[in-house]
Structures are given as structure tokens and as C-alpha cells.
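Listed below are the residues making up each chain.
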Amino acid sequence: MKKGKILKVKAGYNPNSSSIGTLLKAFPCALFGSAVLFNIVTGIIFSRKLKQGKKDKPEKK
């Protein structure tokens, strides 16, 4: 038994949908997280390079 009919079908996203709200929060969080992760990895790499450089050079006394 039919209760109604489809009047219009919209293509694209629905701005009233909850899924677009989650995407709008996820993108800035991902950008912030990737920037923090990049800085942490860069700091680790540079600290190891500095330690290697100190081991290679003989100390002057």
C-alpha cells in the first residue's frame, strides 16, 4: 500500500544532513594533526642527526 509519492529528487549533498557536519570537523582536525605529527617527526630526525654529528667530531681539550 503506497502512502505517498516522490515529488523531487535532489542531487548532491544535503546541508541539513549530519554527515556534512562531521566532515567539516574532520578536515581541520586532520590538518592540525598532520602538522603536529610532521613537527614531531622532524624534531626526532634533527635531534638524531645532531647526536651523530657530535659522535663523529673529536672533542678538543
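Residues numbered from 1 in each chain as written. Predicted model: local features only at pLDDT ≥ 70, side-chain atom pairs only at ≥ 80, totals over all residues. Heavy atoms only, no water.

J.: Help me understand the overall build of the protein in this model?
T.: For the protein, the count of helices and strands is one helix and zero strands. Scored against the burial criterion, the 61 residues of the protein give a buried share of 0%. (Helix = DSSP H or I, 4+ residues; strand = E, 2+ residues; numbered from the N terminus. Buried < 20%, exposed > 50% of the residue type's maximum accessible area, 1.4 Å probe, protein only.)

J.: Help me out: how do you make sense of a nonpolar patch on the surface in this one?
T.: Together, Phe32, Val36, Ile40 and Ile44 make up an exposed nonpolar region whose accessible area comes to about 380 Å². Mapping Ile40 onto the fold places it in helix α1 (residues 18-56). (Patch = residues over 30% accessible without salt bridge, like charges linked within 9 Å, V, L, I, M, F, W, Y side chains within 5 Å. Areas by Shrake-Rupley, 256 points an atom, 1.4 Å probe, with all protein chains shown as cover. Salt bridge = Lys/Arg side-chain N within 4 Å of Asp/Glu carboxyl O.)

J.: Help me understand a positive patch on the surface in this model?
T.: Residues Arg48, Lys51, Lys54 and Lys55 make up a contiguous surface patch of positive charge. Among the secondary structure elements, Lys55 is positioned in helix α1. With a relative accessible area of 72%, Lys55 lands in the exposed category. (Lys, Arg positive; Asp, Glu negative; His and termini not counted. Charge placed at Lys NZ, Arg CZ, Asp CG, Glu CD.)

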